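Survey of secondary and tertiary structure
Here is what each chain is made of, one letter per residue.
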Amino acid sequence: AQSVTQLDSHVSVSEGTPVLLRCNYSSSYSPSLFWYVQHPNKGLQLLLKYTSAATLVKGINGFEAEFKKSETSFHLTKPSAHMSDAAEYFCVVSDARGGSSNTGKLIFGQGTTLQVKP
Amino acid sequence: SAVISQKPSRDICQRGTSLTIQCQVDSQVTMMFWYRQQPGQSLTLIATANQGSEATYESGFVIDKFPISRPNLTFSTLTVSNMSPEDSSIYLCSVGRQGANYGYTFGSGTRLTVV
């Protein structure tokens, strides 16, 4: 069975300071992992994904995440927060890598609300 | 990536009635899913919409309450039946691609309020 735990329900940072959103996963398979962002009253936007290639994944808007198998973690980071980064962030795990023998279901973490203070 | 058109974007419905949500994709996709996002919560998978056969429901969701159709590889509907205020949520359609372009796209969602 798969699961994902976002360790912080709420993170507050000052504009211009680094962002760290923590995510741990559990999977019986070699997982695929994603980070999505949801701005208020907006749809889900993919930030980045890990699918067994490079363990350090670079995404949009300066975000990146590192897959650490030994720690079962996939933490999201950004060197310098911007006011527009304030949103809800979801860490997501899937058993699908693009093959045909898996369900493709996504399991979402509970979300982390990122607040960016001026 | 695929472009999803989900309708309606929002609705306010009377309890006891039903609402059908449509999800149209601009290309053929193998994987299609329906999710629910209750107020202030994360997303929960309702079911996998299977083309030409009955949907596969997750624990806690049943066909009588959430009937799903998927007549082809570009279209699916989710019906929320006999609604109660507890069904007030955002319902999202998602499609997945396999192979080299592996990934998932989400519709903009249907914000449902039951009064």
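This text goes with the structure placed above it.
In what follows, the accompanying structure is described. Not measured: the values here are computed from a predicted model. (Residues numbered from 1 in each chain as written. Chains lettered and ligands numbered in written order. Predicted model: local features only at pLDDT ≥ 70, side-chain atom pairs only at ≥ 80, totals over all residues. Heavy atoms only, no water.)

**Some words on the state of the cysteines**
Following the criterion strictly, the structure yields two disulfides over all chains and no others. Between A:Cys23 and A:Cys91 runs a disulfide, and the two sulfur atoms are separated by 2.0 Å. For the disulfide bridge between A:Cys23 and A:Cys91, the dihedral angle about the S-S bond is near -65°, and by the sign convention the bridge is left-handed. Residue A:Cys23 is located in strand E4 (residues 23–26), and its partner A:Cys91 is located in strand E10 (residues 87–94); the two are separated by 68 residues in the primary sequence. Classification of A:Cys23 as buried rests on a relative accessible area of 0%. Disulfide pairing is shown between B:Cys23 and B:Cys93; the S-S distance is 1.9 Å. The sign of the S-S torsion, about -60°, decides the handedness of the disulfide formed by B:Cys23 and B:Cys93: left-handed. (Disulfide = S-S within 2.5 Å. Helix = DSSP H or I, 4+ residues; strand = E, 2+ residues; numbered from the N terminus. Buried < 20%, exposed > 50% of the residue type's maximum accessible area, 1.4 Å probe, protein only.)

**Description of the packing of aromatic side chains**
Counted by the stated rule, this structure contains 16 aromatic pairs over all chains. Taking the centre distance of 5.6 Å and the plane angle of 80° together, the rings of A:Phe34 and B:Tyr104 count as edge-to-face. With A:Phe34 in strand E5 (residues 32–38) and B:Tyr104 in strand E10 (residues 103–106), this residue pair bridges two chains. With respect to class, A:Phe34 is no different from B:Tyr104; both count as buried. Measuring from centroid to centroid gives 5.3 Å for A:Tyr36 and B:Phe106, while their planes differ by 85°, and the two rings are edge-to-face. Taken as a pair, A:Tyr36 in strand E5 and B:Phe106 in strand E10 lie in two separate chains rather than in one. Every member of this aromatic cluster is reached through a ring pair, and the members are A:Phe34, A:Tyr36, A:Phe90, A:Phe108, B:Phe33, B:Tyr35, B:Tyr104 and B:Phe106. (Phe/Tyr/Trp six-rings, centres within 6.5 Å; stacked < 30°, edge-to-face > 60°.)

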